[in-house]
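One letter stands for each residue in the lines below.
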Amino acid sequence: MDSIGSLMSRVRRKVPTEPWETLPQPVPLVKVVAQPIAPGSSSIRYVATGITVEAEAILSQLPVPLYIVAFAGFGRSGKSYTATQLRAKLTGNTDHKFHSAPGNVPITHGIDMVVFQNPAGPGHIVFLDCEGGANHNQTALPFVIGLAARLASRMYVFERGCFTTGGLDTVMQVINMGHATSADRVSITKSVVLVENMSINQEIPNDTLLHDLLNEEDGDETTNRVRKLIKEKFQIEFNKLPFDQGMGSALHSQICSEMGAALLENLVPFEIGSVPVDGTLVVNLVNELISQIRGGGSKFNMVSATEALVSNMATEAANTVWIEFVDKVRKMGNHPIQINGRKHLRTIMREVEGVANIAMNELDQFVSKLEPAEAAQVGRQVWDRNYHNFQADIRAAHQRKTEELARYSQWSDRANRFIQELVQRIVEAIRQFIRFARFSTTLILMSNYYAWKHGINLVKGVAQGVMS
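Rules used throughout
Residues numbered from 1 in each chain as written. Predicted model: local features only at pLDDT ≥ 70, side-chain atom pairs only at ≥ 80, totals over all residues. Heavy atoms only, no water. Helix = DSSP H or I, 4+ residues; strand = E, 2+ residues; numbered from the N terminus. Buried < 20%, exposed > 50% of the residue type's maximum accessible area, 1.4 Å probe, protein only. Contact = heavy atoms within 4.5 Å. Areas by Shrake-Rupley, 256 points an atom, 1.4 Å probe, with all protein chains shown as cover. Axes fitted to C-alpha atoms, helices over the stretch in contact; angles between N-to-C directions. Parallel < 35°, antiparallel > 145°, perpendicular 65-115°, else oblique. Nonpolar A, V, L, I, M, F, W, Y, C, P; charged D, E, K, R; others polar. Pairing = 2+ DSSP bridges. Salt bridge = Lys/Arg side-chain N within 4 Å of Asp/Glu carboxyl O. Core = buried A, V, L, I, M, F, W, Y, C linked by side-chain atoms within 4.5 Å. Patch = residues over 30% accessible without salt bridge, like charges linked within 9 Å, V, L, I, M, F, W, Y side chains within 5 Å. Lys, Arg positive; Asp, Glu negative; His and termini not counted. Polar contact = N/O pair within 3.5 Å; in protein donor to acceptor, adjacent residues only side chain to side chain. Expected span 1.5 Å × (residues − 1). Arc of directions from axis to C-beta.

Draft legend 1. Expanded view of the overall build of the protein. Secondary structure assignment for the protein yields 12 helices and 10 strands. When burial is assessed residue by residue, the protein has 44% of its 468 residues classed as buried. Across the protein, the fraction of contacts at a sequence separation of at least 24, relative to all contacts at a separation of at least 6, is 74%. Accessible surface, the protein as shown: approximately 24700 Å² in total, 55% of it carbon and sulfur.

Right under this line is the structure:
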């Protein structure tokens, strides 16, 4: 039994007001808005806001597994258009398109999102179209790159024209934002595809272009160190897209088809703390990351955000298991409010402990797979606290009921003794009355005898007197 999936599925979710398939797409995941640097200042900075209502309405309905793919890199390099083409190749339709247009003015601000069914199996694929670099609102770019790196298991990094060492700056931003505080405790993008758009290198194999780009011998020490770090941190692929002058050339379409097939082969479900999660947890993570923003989006701590979310997951799991545990105990009649003092305390605790062991094993199986482990231990701490208090409540309830029964027994004994004494006195009174009645009868009979005898003697005396 997949205890992780079953546990997460039992956590209460919001009932959607409208199925996500009928909601309009694409939608902004997060928006970037202009704000004054200080009140009354004419200087502005671009700040990433919270997750949008539209994105939350869609994501909160998506179950596991989720496959999140991001498109980042230089602005005006064809990210939105290519993402739309890849989705069309995967789904066979073009009903949802990212906003794109030729020219020098950027179209995407923040991160836009499109969701569709995974054509190769269960689950859903989420495309994130990120705002490009070298645009006019660069103060929000670190947040955009960092959020995409945290959410996406696969990222396409674009550069205008041929991919050069300048395009590796975006890849380094992924590393810097993802590993700013602790490289071993944060899960970020593992698969990176370098894409040069409007390429003039069509005759050169992709492997050769990638080898030359990441060659650690051709550059200076700093450049070579960057190349080495990128190869160590990511699974790197390379693609080149020709200039699609007719917006639908055969070569461009063929390469998009190949990129789509490679995407399906490298799908990795989105995880938090090494556990695949649903869209509701994605919403929670985005909100947690946004709450970590400092200085208008230029700094935020991904480790603390991840730890906070893992702690929330563990706590939610502990509460879910606890509710089910209490329900089972209640059905057994062992809840503190059901204790009547007539069942022995050891019997109650033994039955409760049996149910608790099953619940704790399920919770431990879930918590043990969360990372970082320190944050995940919050779930077990919540359980231990609740269980300790629950046991104390049972003991207190049993003690209270036992004392009530003892007091009831004392009053019952007193009542019994009083009744016995009363009965005895009544019986004795009846006996005395019977004795008195017998004595009275005898006395009356005796008094009647002497009265008759005296009367007869009196009559005889009178008669004799008369006669004489």
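Next comes the rest of the description.
Draft legend 2. Focus on the environment of T347. Summarising the element assignment, T347 is placed in helix α11 (residues 345–367). T347 sits 13 residues away from N334 along the chain, and the two C-alpha atoms are 9.8 Å apart.

Draft legend 3. Representation of unusual backbone geometry in the model. In this structure, P26 follows Q25 across a cis peptide bond, with omega equal to 0°. Tracing the chain through its elements places P26 in the loop between α1 (3–10) and β1 (27–36). Look at the link from V64 to P65: it is a cis peptide, with omega at -5°. Residue position: P65 is located in the loop between α2 (53–59) and β3 (66–73). Here the phi dihedral of R76 falls at roughly 60°; this positive angle occurs in a residue that is not glycine. Position of R76 among the secondary structure elements: in the loop between β3 and α3 (79–91).

Draft legend 4. View of the packing of α3 against helix α8 (residues 250–265). Relative orientation of the contacting elements α3 and α8 amounts to 70°, with a least axis distance of 9 Å. As the angle between them shows, α3 and α8 are arranged roughly perpendicular. Where α3 approaches α8, its residues Y81, T82, Q85, L86, K89 and L90 are matched on the opposing element by H252, S253, C256, S257, M259, G260, L263 and L264. Residues belonging to the contact of α3 with α8 are distributed by class as follows: 7 nonpolar, 6 polar and 1 charged.

Draft legend 5. Spotlight on the pairing of strand β8 (residues 235–241). Among the 7 residues in β8, 6 count as buried, and that is most of the element. Sheet topology note: the strand β7 (residues 191–197)/β8 ladder contains 7 bridges and is parallel. Residue pairing across strands places N197 opposite L241, the latter belonging to β8.

Draft legend 6. Representation of the pattern of salt bridges in the model. On inspection of all chains with the given rule, the structure shows 9 salt bridges. Here D327 ties to K331 by a salt bridge, and the two come within 3.5 Å at their closest N and O atoms. Here D327 pairs with K331, and both are found in helix α10 (residues 302–331), just 4 residues apart, close to one helical turn. Exposure remark for D327: the relative accessible area of 36% places this residue in the partly exposed category. A salt bridge links E351 to K343, with the shortest nitrogen-to-oxygen separation between them at 3.3 Å. With relative accessibility at 31%, the residue K343 sits in the partly exposed group. Three or more residues are tied together by salt bridges with common partners; here these are D364, R380 and D384.

Draft legend 7. Expanded view of the nonpolar core. Ranked by internal contacts, the top residues of the largest apolar core, which has 91 residues, are L29, M113, L151, L194, F325 and W383. Each residue touching F325, except ones within four places of it in the same chain, is listed here: V352, V355, A356, A359, W383, Y387 and F390. One finds F158, I255, C256 and L263 within the second-largest nonpolar core, a separate group that totals 20 residues.

Draft legend 8. Summary view of helix α4 (residues 141–151). Counting buried positions over the 11 residues of α4 gives 10, a clear majority of the element. All buried positions along α4 are accounted for by L141, F143, V144, I145, G146, L147, A148, A149, R150 and L151.

Draft legend 9. Examining the environment of E271 more closely. Mapped onto the secondary structure, E271 falls in strand β9 (residues 271–272). Distance in space between the C-alpha atoms of E271 and R150 is 9.9 Å, their sequence separation being 121 residues. What E271 contacts, discounting residues up to four positions off in sequence, is R150 and P276.

Draft legend 10. Representation of a nonpolar patch on the surface. Where nonpolar side chains cluster on the molecular surface, the patch consists of F418, I419, L422, V423, I426, V427, I430, F433 and I434 and spans about 820 Å² of accessible area. With respect to the helices and strands, V427 occurs in helix α12 (residues 373–467).

Draft legend 11. Here's a closer look at the side chain of E196. Structurally, the position occupied by E196 is in strand β7. Buried charge without a partner: E196 forms no salt bridge, and the closest opposite charge is K240, 6.2 Å away. Among the polar contacts made by the side chain of E196, one reaches the main-chain amide nitrogen of F163 at a distance of 2.7 Å. Apart from the residues lying within four places of it in its own chain, the contact partners of E196 are E159, G161, C162, F163, N201, L209, F238, N239, K240 and L241.

Draft legend 12. Quick peek at helix α7 (residues 221–233). Between the first and last C-alpha of α7 there are 18 Å, a value that for 13 residues agrees with the 18 Å anticipated at 1.5 Å per step. Taken residue by residue, α7 has N224, R227 and I230 as its buried positions. For α7, the buried positions fall inside an angular range of 125° around the axis, keeping them on one side. Exposed positions of α7 whose direction lies more than 90 degrees from the buried face are E221, R225 and E232.

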